[in-house]
Amino acid sequence: MTSTQTSTPNPTPTSSPNSARPAFHRLGAAAPNARWWRPLLGLLVFGLSAAALSLPILLADDIWGVFRLDAPTDLRDPRQIAALGLLLAVFVPAGCAAVRWGWHRPMGTLFSTAGRLRWGWLGTCTALAVIATAVTAPLMLLDPATRQFHPHLSGSALAVLTVVILLVPLQAAGKEVLFRGLLPQAVGQWLRGPAWAILLPIPLFVAGHEYGWVGSVDVGAFALIVGVVAWRTGGLEGPIAVHAVNNVTVFALGAVGLGDPNAQDASPWALVGSVSTPLLAAWLICRAHARRRVQPREAAPAPLTP
């Protein structure tokens, strides 16, 4: 009489799809063909693509004379706002070209760990940024300079508002593609810690704004806040939304006489209100992201340590 012994094999633990996905700033390092030099090639492709796409805009500006070398830029002129918006908007297709032909990975990985721009999540982030702006708007009254503005509405104001609504979100998206997308992912391919990817692009972002010390602190704090949002949420949707709502608000208030978009500095009181808005928006967005159902292709962020 023979007996057979059967045993149930031990189940092999499997990791969830989320744990296998890298953090947003490490998407370049996780690519199958990752090489140390690919970020350099990607940034070179970005520069060449941005220059080529900007050339028609610059030629049109030379013909129409939108900008004058002997006069500062006037951000209340709808033509100048449109030209600047288009010049920065080309960063989006240039960034896609950099990821596709420089890094040789899918273009969608420039925008999120899901491998695409999450349009529904972008809409949610935009709504939360608008709520944060409305809640913190009374803090603007702390700045004594706001009392000198008097609201008015004119034909030029309507033209500015139209251009701002159409082009300023694209301008904000272009900046975020470079400073919260390409540069952090380039740094993340060489340095694992997300703190490096968040902090190192900030000086370049601040250098692109000709402000005094208060304005520079404001811009630096903004870059830090949205950089953390990109890392926490695994994509650029939150930073794009916060940046777009912020810029549209600034230009719109300037158009109706409630602000000066050409101001290069502000009082420390203005800094309180200016930093509170993106900070509240970031908190709302990160909290909403933690509550939403994580899609299979998204990743949990790595620890925020250098």
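Here the residue index of a chain counts from 1 through its sequence in written order. For this predicted model, a pLDDT threshold of at least 70 governs which residues receive local features, and a threshold of 80 or more governs which side-chain atom pairs are given and counted, while totals over whole chains, interfaces and linings are taken from all residues. Where side-chain values are given, they derive from all heavy atoms of the structure, hydrogens and water being excluded.

1. Structural notes on empty space enclosed by the protein
Buriedness for pockets is judged along seven lines, at least five of which must meet protein on both sides within 12 Å for an open set on the 1 Å grid over protein atoms alone, while cavities are sets there where a 1.4 Å probe fits but cannot get out, and lining residues have an atom within 4 Å of a point. Grid points are joined across faces, edges and corners, and a volume is the space filled by probe spheres set on the points. Tallied over the full model, the rule gives two cavities of 30 Å³ or more. Here the largest cavity is characterised by a volume of approximately 90 Å³. Together, Phe-24, His-25, Phe-179, Arg-180, Pro-184, Pro-194, Ala-197, Ile-198, Pro-201, Gly-227, Ala-230 and Trp-231 line the largest cavity. Helix and strand definitions here come from DSSP, where helices need a minimum of 4 consecutive H or I residues and strands a minimum of 2 consecutive E residues; each element is numbered from the N-terminal end. Within the residue set of the lining of the largest cavity, elements represented by two or more residues are helix H6 (155-190), helix H7 (194-199) and helix H9 (213-233). Estimates place the volume of the second largest cavity at around 40 Å³. Around the second largest cavity, the lining residues are Ala-129, Thr-133, Phe-222, Val-242, Val-245, Asn-246, Thr-277, Pro-278 and Ala-281. Every element with two or more residues in the lining of the second largest cavity is listed here: helix H5 (119-136), helix H10 (237-255) and helix H11 (268-291). The class makeup of the residues in the lining of the second largest cavity is six nonpolar, three polar and no charged. Polar here means any residue outside two lists: the nonpolar Ala, Val, Leu, Ile, Met, Phe, Trp, Tyr, Cys and Pro, and the charged Asp, Glu, Lys and Arg; Gly therefore counts as polar.

2. Observations concerning the packing of H9 against H10
Between H9 and H10, the shortest axis-to-axis distance is 8 Å and the interhelical angle comes to 145°. In this structure, H9 contributes Phe-222, Val-226, Val-229 and Ala-230 to the contact, and H10 contributes Gly-238, Pro-239, Val-242, His-243 and Asn-246. Its residues assigned to classes, the contact of H9 with H10 comprises six nonpolar, three polar and no charged. Whenever a helix is involved, its axis is fitted only over the stretch in contact; in every case the axis is a line through C-alpha atoms, and angles between N-to-C directions fall within 0 to 180 degrees. Whether two residues touch is decided by their heavy atoms; if any such pair falls within 4.5 Å, the residues are in contact.

3. Considering the confidence of the model for the protein
For the protein, per-residue confidence averages 84 on the pLDDT scale, and 80% of positions sit at 70 or higher. Confidence over residues 1-19 falls short of pLDDT 50; this stretch has eight contacts with residues more than four positions distant or in other chains. Confidence of the prediction at every residue is given by pLDDT, a number between 0 and 100.

4. Regarding helix H4 (residues 91-102)
Each residue is placed in one exposure class: buried if its accessible area under a 1.4 Å probe, protein chains only, is under 20% of its type's maximum, exposed if it is over 50%, and partly exposed if it falls in between. Among the residues of H4, Phe-91, Ala-94, Gly-95, Cys-96, Ala-97, Ala-98, Val-99 and Gly-102 are the ones counted as buried. Positive backbone phi, approximately 55°, marks His-104, located one or two places after H4.

5. Considerations on the layout of surface pockets
Taken as a whole, the second largest pocket encloses approximately 280 Å³ of empty space. In this structure, the second largest pocket is lined by 15 residues; those nearest its centre are Leu-122, Pro-169, Leu-170, Ala-173 and Ile-240.

6. A closer look at a nonpolar patch on the surface
Among the surface-exposed residues, Trp-36, Trp-37, Leu-40, Trp-190, Leu-191, Trp-196 and Leu-200 lie close enough to one another that they form a single nonpolar patch of about 740 Å² accessible area. Judged by its relative accessible area of 60%, Trp-36 is exposed. What makes a patch is a set of residues exposed beyond 30% relative accessible area and free of salt bridges, joined within 9 Å when like-charged and within 5 Å when nonpolar (Val, Leu, Ile, Met, Phe, Trp, Tyr). All accessibility values rest on the Shrake-Rupley procedure with a 1.4 Å probe; residue burial counts only the protein chains present in the view. Definition used for salt bridges: Asp or Glu carboxyl oxygen within 4 Å of a side-chain nitrogen of Lys or Arg.

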